[in-house]
Amino acid sequence: MWKFLVRFIFRNRPAILIAIGILTILMAWLGSGVQLSYNNSRMLPADDPAVVEYEAFKKLFGEDGSVMMIGVTNPDMFRLDQFNAWYDLTYDMTKIDGVEGVLSIAKAANIVKNDSLRKYDFLPLVDAKPTTQAQADSLKEKILSLKFYDGLLYNSKTNTFLLAITLNKQRLNDKSRLVLTDEIVARANAYAAQSGQELHISGMPYIRSVMARTIQNELFLFIFLSILIAAIILFLFFRSVKIVASSLIVVAISIIFTLGLVGLFGYKISILTGVIPSLIVVIAIENCIYIVNKYHWEFRLHGNKILGLSRVVQRIGFASLMVNTATATGFAAFILVSNQMLREFGIIAAISVMVEYILCILLLPIIFSYM
């Protein structure tokens, strides 16, 4: 089998390189469309009692996954300039594309009984932006008299006030959510600078956006650092720029294939799948070291390059196959669990390890044969 593989590799070097090149371009195209996961993945199985209870709760009461909260503690909130700044912030938020509703003391309703029509009317608490301190004091008396909002939009004991922003759910499921939350945060920071108050921002859209951006930044950071460290280790071992460059080519193509597989399966980059490219770098470098080291050993014995490469494939190919198969099997064990995020991680990691092995066993002998 391994002798046949050696003959196949060296007799079809151009065809193999062209095929790998075409597949790499295809995988790069698939990988370019991969999106980040903007939702917190569920760690518990669907039939877990806690999950069943949570789903029943959401069905009955809805969920707050589309609401951002901005809080401020301001004892001088009803001072004219402070209230007007809060008023402006409230109505500025309504102008943002993707914001469906805003609620604060500056944009709340009072329920008034209508005896003639025998119904309740919802009248705005603040008809217009106050222009005098007397008007602001009047609004303070009116707002604080409505105990319904105490603990909801304001806390009379701590002088804390809340601004709730409801966002469009469709905008929250794609990359435009980052633009939306960034614009909200920018306007909130402008208010903080104007009023001199410290704001506190929370809510699932904001938390998920922060997590998504963290995953995105760390994905590229970990890939860069792992490649850098691997290149340094390779250079220290072999003291050859050619070997480092050859190995890094294999590593780069393996990473492209990994991201392409994520797109091929229709998955998104989560906090787990974002770690796979860095794992592939480590595993690929290990395979490269085995192959290059064995090739140097063989070449030193007899000085025949093609014979040395042939023996590398025959003698290291099987051993590396066993090692990579064991690694892939370990990752594949996650496929058996009921958690979707772990299952996706197991599928992509297992396939990526085996693809990386195939790339190493094909590309490195071909590259060295042309050197």
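Just so it is clear, the model here is predicted, and its values are computed rather than measured.

I'd love a proper account of the environment of Ile232, names of residues and values included.
As for its placement among the helices and strands, Ile232 is situated in helix α7 (residues 204–238). Exposure remark for Ile232: the relative accessible area of 45% places this residue in the partly exposed category. Distance from Ile232 to Val244, taken between C-alpha atoms, is 8.5 Å for residues 12 residues apart in sequence.

Any details on the pattern of salt bridges? Residues and values, ideally.
For the coordinates displayed, the defined rule picks out 6 salt bridges. Where Arg187 meets Glu183, a salt bridge forms, and the shortest distance between an N and an O atom there is 3.1 Å. With Arg187 and Glu183 both in helix α6 (residues 176–195) and 4 residues apart, this pair spans about one turn of that helix. Look at Glu183 and you get partly exposed, because its relative accessible area is 30%. Here the salt bridges share partners, and the residues they tie into one network are Asp76, Arg79 and Asp81.

Which residues make up the side chain of Thr181, and what values do they have?
Position of Thr181 among the secondary structure elements: in helix α6. Excluding anything up to four places from it in sequence, Thr181 contacts Met68, Pro205 and Ser209.

Go over unusual backbone geometry, please, and point to the residues and values.
One non-glycine residue, Asn159, lies in the positive phi region at around 55°. The class for Asn159 is partly exposed, based on a relative accessible area of 29%. Here Arg239, not a glycine, exhibits a phi torsion of approximately 50°, which is positive. Position of Arg239 among the secondary structure elements: in the loop between α7 and α8 (241–264). Take Arg239: its relative accessible area is 61%, and that puts it in the exposed class.

Please provide a residue-by-residue account of the packing of aromatic side chains, values included.
Overall, the coordinates contain 9 aromatic pairs when judged by the stated rule. Note on Phe265 and Tyr267: the rings are 5.7 Å apart at their centroids and 20° apart in plane angle, and the pair reads as stacked. Look at Tyr267 and you get buried, because its relative accessible area is 16%. Members of the aromatic cluster, connected to one another through ring pairs, are Phe78, Phe83 and Phe161. A cation over an aromatic ring shows up here: Arg13 above the ring of Tyr370, its NZ or CZ 4.4 Å from the ring centre.

I'd like a rundown of α7, residues and numbers included.
Across its 35 residues, α7 extends 50 Å between first and last C-alpha, which sits within 8% of the 51 Å expected from 1.5 Å per residue. Every buried residue of α7 is listed here: Pro205, Arg208, Ser209, Ala212, Ile215, Leu219, Ile223, Ser226, Ala230, Ala231, Leu234 and Phe238. Here the buried face of α7 lies against β1 (67–73), β6 (160–167), α6, α8 and α9 (276–302). Positive phi appears at Arg239, one or two residues downstream of α7, with a value of about 50°.

Conventions adopted
- Residues numbered from 1 in each chain as written.
- Predicted model: local features only at pLDDT ≥ 70, side-chain atom pairs only at ≥ 80, totals over all residues.
- Heavy atoms only, no water.
- Helix = DSSP H or I, 4+ residues; strand = E, 2+ residues; numbered from the N terminus.
- Buried < 20%, exposed > 50% of the residue type's maximum accessible area, 1.4 Å probe, protein only.
- Salt bridge = Lys/Arg side-chain N within 4 Å of Asp/Glu carboxyl O.
- Contact = heavy atoms within 4.5 Å.
- Phe/Tyr/Trp six-rings, centres within 6.5 Å; stacked < 30°, edge-to-face > 60°.
- Lys NZ or Arg CZ within 6 Å of the ring centre and 35° of its normal.
- Expected span 1.5 Å × (residues − 1).

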